[in-house]
Amino acid sequence: MSATERPLRAIQQIQIGRVTSTEDQTRETLARLASAGFEGIELNGFMTRPTPLFVRALTKVAGMPVGRGGRLDWPRLVAESGLSVVALHEDLGTIEREPAAVVAWAAEFGTRTIVVTGMYRFDYGDESAVVQLAQRLNAAGQVLAAAGMRLLYHNHTAEFRRVSPSRTAFDVLIELTDPDAVGFELDCFWAATAGADPLALLDALGERVRLLHLTDRGSRVTGPTMTPIVKVDSVELGAGNLAVDAIVRRAASLRMDAVVVETHKNWIDGSPLRSAEVSAQVLRRLLR
């Protein structure tokens, strides 16, 4: 499968937040990613413009520090790196309030894909609220489509809460969003963490999934343990227990735009770049 027929090998910006705080550091980081075999990067709107202190503090507490790179000229730095921007993450409220500005910023990066990364302070167990969310996504997706852009929805774990004994919030979003207005970016790590089967979700969603987020799930514990229970966390591709090979093959068969590595934390050697290089080896083998 040639590079023009398969998904791009990409990485999520949040993984490299703490190693992109200055222009020189960012240039070196992006060059190292390209050398490792990454062809694309997925950017976050709040990391490509000055990031509020409160947001930086929250992401640091969560173990996913965004760094201070929001002050940098990301359109120029990414263009110089040769990496393609596969998507721009934005929150739904910003898209609804300032669609023209979001479209213009995405166009600065040469991408036509905008991703909503879930909702904050939102009750995914309330079916009526989820129905309203689907309606909002449809409306936003139609506005973006009119401007030549495409809207995708990115899951975490809350979407797999049940709104009834037989339905999850994610089921509702799949059913009630318009395929012509809303696609999906399936995060396999969070789906599996919630107890869902990523391969089954890919079968259900089919070509509505245009981007795939992938990090493996496992443990770095070595030696004896006090009990047979060890903490499961994100690990590099091939170091955990997700069906990574099968998932990537399915992504390729669906002709997705990109498979996006996002190892949130728990990096090998404590280094987000070393972690990315290890995962890139697996992606290069699976996506030649």
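Please refer to the structure higher up on the page.
These figures come from a predicted structure and were not determined experimentally.

Rules and cut-offs
Residues numbered from 1 in each chain as written. Predicted model: local features only at pLDDT ≥ 70, side-chain atom pairs only at ≥ 80, totals over all residues. Heavy atoms only, no water. 1 Å grid on protein atoms, 1.4 Å probe; cavity = no way out; pocket = protein on both sides within 12 Å on 5 of 7 lines; lining within 4 Å. Points joined across faces, edges and corners; volume = space filled by probe spheres on them. Helix = DSSP H or I, 4+ residues; strand = E, 2+ residues; numbered from the N terminus. Nonpolar A, V, L, I, M, F, W, Y, C, P; charged D, E, K, R; others polar. Phe/Tyr/Trp six-rings, centres within 6.5 Å; stacked < 30°, edge-to-face > 60°. Buried < 20%, exposed > 50% of the residue type's maximum accessible area, 1.4 Å probe, protein only. Lys NZ or Arg CZ within 6 Å of the ring centre and 35° of its normal. Pairing = 2+ DSSP bridges. Axes fitted to C-alpha atoms, helices over the stretch in contact; angles between N-to-C directions. Contact = heavy atoms within 4.5 Å. Salt bridge = Lys/Arg side-chain N within 4 Å of Asp/Glu carboxyl O. Parallel < 35°, antiparallel > 145°, perpendicular 65-115°, else oblique. Left-handed = near helix turned anticlockwise from the far one by under 90°.

**Things to note about the layout of surface pockets**
Over the atoms rolls a probe the size of a water molecule, and in doing so it shows where empty space is left.
Right, on to step 1. Of the volumes computed, that of the largest pocket is approximately 1200 Å³.
Right, on to step 2. Residue lining of the largest pocket: 36 residues in total, with Phe 46, Val 55, Thr 59, Thr 117 and Tyr 120 positioned closest to the centre.
Right, on to step 3. Sorting the residues of the lining of the largest pocket by element identifies α2 (53–61), β3 (84–90) and α4 (92–97) as the ones contributing at least two each.
Right, on to step 4. Counting residues per element, the lining of the largest pocket draws most heavily on α2, which supplies 4 residues.
Right, on to step 5. Residues of the lining of the largest pocket, tallied by class, amount to 15 nonpolar, 14 polar and 7 charged.

**Considering the packing of aromatic side chains**
Right, on to step 1. Inspection of the entire model under this criterion finds 5 aromatic pairs.
Right, on to step 2. For the pair Trp 105 and Phe 109, a centre-to-centre distance of 4.9 Å together with 75° between the ring planes defines the contact as edge-to-face.
Right, on to step 3. On the basis of relative accessibility, which here comes to 23%, the residue Trp 105 falls in the partly exposed class.
Right, on to step 4. Between Phe 170 and Phe 184, the aromatic rings sit 5.5 Å apart at their centres with planes inclined by 75°, giving edge-to-face as the arrangement. Placement of the pair is Phe 170 in helix α7 (residues 169–176) and Phe 184 in strand β8 (residues 182–187), with a sequence separation of 14 residues. This pair shows no difference in class: Phe 170 is buried, exactly as Phe 184 is.
Right, on to step 5. Here a set of aromatic residues connected by ring pairs shows up, and it is made of Phe 160, Phe 170 and Phe 184.
Right, on to step 6. Over the ring of Phe 189 we find Arg 217; its NZ or CZ atom is 5.8 Å from the centre of that ring.

**Regarding the sheet that holds β8**
Picture the strands of a sheet paired through backbone hydrogen bonds; they go either parallel or antiparallel.
Right, on to step 1. Read around the closed barrel, 8 strands run β1-β2-β3-β4-β5-β8-β9-β12, paired in parallel fashion. Shown here is a sheet whose adjacent strand axes are inclined to one another by a mean of 30°, direction ignored.
Right, on to step 2. As defined by bridge partners, strand β1 (residues 8–12) adjoins strand β12 (residues 258–261) across 4 bridges and the pair is classed as parallel. The residue bridging Ile 11 from the neighbouring strand is Val 261, located in β12.
Right, on to step 3. Each of β3 and β4 (113–116) is contacted by helix α5 (residues 99–108), which is oriented at about 155° to β3, the strand it contacts most.

**A word on the pairing of β8**
Right, on to step 1. Where burial is concerned, most of β8 is hidden: 6 out of the 6 residues are buried.
Right, on to step 2. Burial along β8 is two-sided: Val 182, Phe 184 and Leu 186 and Gly 183, Glu 185 and Asp 187, pointing in opposite directions, are all buried.
Right, on to step 3. Of the pairings in the sheet, the one linking strand β5 (residues 150–154) to β8 comprises 4 bridges and is parallel in character. Directly across from Tyr 153, in β8, lies its bridge partner Phe 184.
Right, on to step 4. Looking at chain direction, β8 and strand β9 (residues 209–214) are connected through 4 bridges and run parallel. Across the sheet, Asp 187 pairs through a bridge with His 213, a residue of β9.

**Regarding the pattern of salt bridges**
Right, on to step 1. Enumeration according to the criterion identifies 18 salt bridges in this entry.
Right, on to step 2. As a salt-bridge pair, Arg 76 and Glu 23 come within 2.8 Å of each other at their nearest N and O atoms. Of this pair, Arg 76 sits in helix α3 (residues 74–81) while Glu 23 sits in helix α1 (residues 23–36), and the two are 53 residues apart along the sequence.
Right, on to step 3. In this structure Arg 76 comes out as partly exposed when scored by relative accessible area, which is 31%.
Right, on to step 4. Asp 24 is the partner of Arg 27 in a salt bridge, and the nearest nitrogen-oxygen pair spans 3.4 Å. Taken as a pair, Arg 27 and Asp 24 lie in helix α1 at a separation of 3 residues, close to a single helical turn.
Right, on to step 5. One continuous salt-bridge network, built from bridges that share partners, spans Glu 23, Asp 24, Arg 27, Asp 73, Arg 76 and Glu 80.

**Focus: the packing of α1 against helix α11 (residues 272–286)**
When two helices pack together, their arrangement is given by the angle between the helix axes and the distance between those axes.
Right, on to step 1. Contact geometry of α1 with α11 gives a least axis separation of 9 Å together with a crossing angle of 25°. Regarding the angle of α1 to α11, the classification is roughly parallel. Note on packing geometry: the crossing formed by α1 with α11 is right-handed. Between α1 and α11, the contacting residues are Thr 29, Arg 32, Leu 33 and Ala 36 on the first element and Leu 273, Arg 274, Ala 276, Glu 277, Ala 280 and Arg 284 on the second.
Right, on to step 2. Residue classes in the contact of α1 with α11 are distributed as 5 nonpolar, 1 polar and 4 charged.

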